[in-house]
Structures are given as C-alpha cells and as structure tokens.
Amino acid sequence: ERRKWEKALLNILEANDFDAIPLVKETNGQPSRIARRRYHDGDPSDLFVLGIEEVDVFSPRSSVLTVLLSVLSNEHHIALVGSEGSVDSIVTLDTLACPGSETPFLRRYLDQKVADVASSTGQSLTGDLSRRIFDGVRALADLVDSDRDRVSDRDFTRLAMDVLVLLQPLKEHSRTEADLEVSTKRMASL
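These numbers were taken from a predicted model, which means no experiment stands behind them.

S.K.: Mind laying out the packing of helix 2 (residues 64–73) against helix 4 (residues 105–121), listing which residues take part and the relevant values?
M.R.: Contact geometry for helix 2 and helix 4: axes closest at 11 Å, N-to-C directions at 120 degrees. Read as a crossing pair, helix 2 and helix 4 show a hand that is left-handed. Contact with helix 2, carried on its side by V64, L65 and L68, involves F105, L106, Y109, L110 and K113 of helix 4 and no other residues of that element. Partitioned by chemical class, the residues of the contact of helix 2 with helix 4 number seven nonpolar, no polar and one charged.

Spelled out as structure tokens, the structure:
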C-alpha cells in the first residue's frame, strides 16, 4: 500500500517536473506535509515526505531576500508563503531559477537589490554580483533537474554555500526599494 502512494507521488513530481508539492489530507484542506524529489546522492531515497514544520513559512510581505536565504540554507531547499494559517505558495530552487524565462523575476530583483544596497550603504559591490548570485541559484536548480544519483552531495552543498557567501553583503539589508516594489507572494506565483 505504501509503495503505491510513494510511486504515485514520485510520478506526479517527475511528470510535472516539480521539485516539491504540498500535500493535503482533504479537498481544499491546508497542507500538512510536503513531498520532494531526491536532490543528490546524499539523499537516501527518490522521494521525501516531510512535515511543513521542517521548512519556514513566510508572510506574503516578507522580503524576497529572506525567503531566498531560507531556501538556500534549509536542508530541503523549500519555503512556503502564506498567512493566517494558510499556505498559498511553495518556493523551491526551480521556482527561484525560473528556467523557462529569459527575464527571471529573481535576476531582476537581485539587480535592483545590489544597486539599492550599494547606493544606500556606500559599499563597493561588484557590478556582476547579482548575476553571479542568480547564476548560482540557477546552477543549483539545474543540478536538481539532472541525474540525481550522479549529483554529489558535496558538490551540491558547496555550490549552495558559495551562493550564500555571495549573498552576505545583502543579508543585513532585507528592506530596500527592491522589496517595496514586490511581494513574496508574487515571486512564488511566477
């Protein structure tokens, strides 16, 4: 019985090219668990089912930067967006990378964010910082979409850490003009 529903969930994830999906117990119910695919060879199985308490849930007014930091640093690389006890959206590496878009939301956001932080703090941030951060997120998403049995846990973790290091100059500035112009809910729906 258990193997059937695991195979069905894995089939849904793979057929739709989803990293993760929220699970509900009843129609129109609130998610209580999340199913996610294997990311790398360090994951012991092709499917994980975890409780939503294992990921952060953010308000739709939360900073995109805060959600990005959570997704990169959480072992499941997932965050949820919701309010008043409801979950409206799921944010994964793939939703952040927007692989099918030529003008991805996160890349535009990071361009503005880096400019905001540099102009408001006087920090000398390199002009390509935002693109290096975004390229790192997209590289992580590409790894998740590749043959997961061949993706090294060490390489995956190292790349996530590299992106987190690049984000350090922005970390203390979660509210800038870039954040006033966009909501996390909008980001998660892209």
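S.K.: An account of the packing of aromatic side chains is requested, with residue identities and associated values reported.
M.R.: Within the structure shown, the criterion is met by two aromatic pairs. Centre to centre, the rings of Y39 and F156 are 6.0 Å apart; their planes meet at 15 degrees, and the pair counts as stacked. Within this pair, whereas Y39 is found in the loop between strand 2 (33–37) and strand 3 (47–51), its partner F156 is found in helix 6 (residues 153–171), the two being separated by 117 residues in sequence. This pair shows no difference in class: Y39 is buried, exactly as F156 is. Ring centres of F105 and Y109 lie 6.3 Å apart, and the angle between their planes is 25 degrees; this geometry places the pair in the stacked category. Of the two residues, F105 and Y109 both sit in helix 4, four residues apart, roughly one turn of that helix. We classify F105 as buried; its relative accessible area is 7%. By relative accessible area, which is 4% here, Y109 ends up buried. Above the plane of the ring of Y39 lies R36, whose end atom (NZ or CZ) is 4.2 Å from the centre.

S.K.: Residues and numbers for the sheet that holds strand 3, please.
M.R.: Taken together, the three strands give an open sheet; going across it, the order is 1-2-3, and neighbouring strands pair in antiparallel fashion. Among the strands making up the open sheet, the edge pair consists of strand 1 (20–23) and strand 3. Averaged over neighbouring strand pairs, the angle between their axes works out to 25 degrees when direction is ignored. Here strand 2 pairs with strand 3 via five bridges, running antiparallel. What sits directly across from R36, in strand 3, is F48.

S.K.: Mind laying out the sheet that holds strand 5 (residues 78–81), listing which residues take part and the relevant values?
M.R.: One open sheet holds the three strands; their spatial order is 4-5-6, and the pairing between them is mixed. Unpaired on one side and paired on the other, strand 4 (56–58) and strand 6 (89–92) mark the two borders of the sheet. Taking each pair of neighbouring strands and ignoring which way they run, the sheet shows an average axis angle of 30 degrees. The sheet contact formed by strand 5 and strand 6 spans four bridges and is antiparallel. Counted as the bridge partner of L80 is I90 from strand 6.

S.K.: Break down the side chain of N74 for me, citing the residues and quoting the values.
M.R.: Tracing the sequence through the fold places N74 in the loop between helix 2 and strand 5. At a separation of 3.0 Å, a polar atom in the side chain of N74 contacts the main-chain carbonyl oxygen of E54. Setting aside chain neighbours within four positions, we find N74 in contact with E54 and V55.

Rules used in this analysis
- Residues numbered from 1 in each chain as written.
- Predicted model: local features only at pLDDT ≥ 70, side-chain atom pairs only at ≥ 80, totals over all residues.
- Heavy atoms only, no water.
- Axes fitted to C-alpha atoms, helices over the stretch in contact; angles between N-to-C directions.
- Helix = DSSP H or I, 4+ residues; strand = E, 2+ residues; numbered from the N terminus.
- Left-handed = near helix turned anticlockwise from the far one by under 90°.
- Contact = heavy atoms within 4.5 Å.
- Nonpolar A, V, L, I, M, F, W, Y, C, P; charged D, E, K, R; others polar.
- Phe/Tyr/Trp six-rings, centres within 6.5 Å; stacked < 30°, edge-to-face > 60°.
- Buried < 20%, exposed > 50% of the residue type's maximum accessible area, 1.4 Å probe, protein only.
- Lys NZ or Arg CZ within 6 Å of the ring centre and 35° of its normal.
- Pairing = 2+ DSSP bridges.
- Polar contact = N/O pair within 3.5 Å; in protein donor to acceptor, adjacent residues only side chain to side chain.

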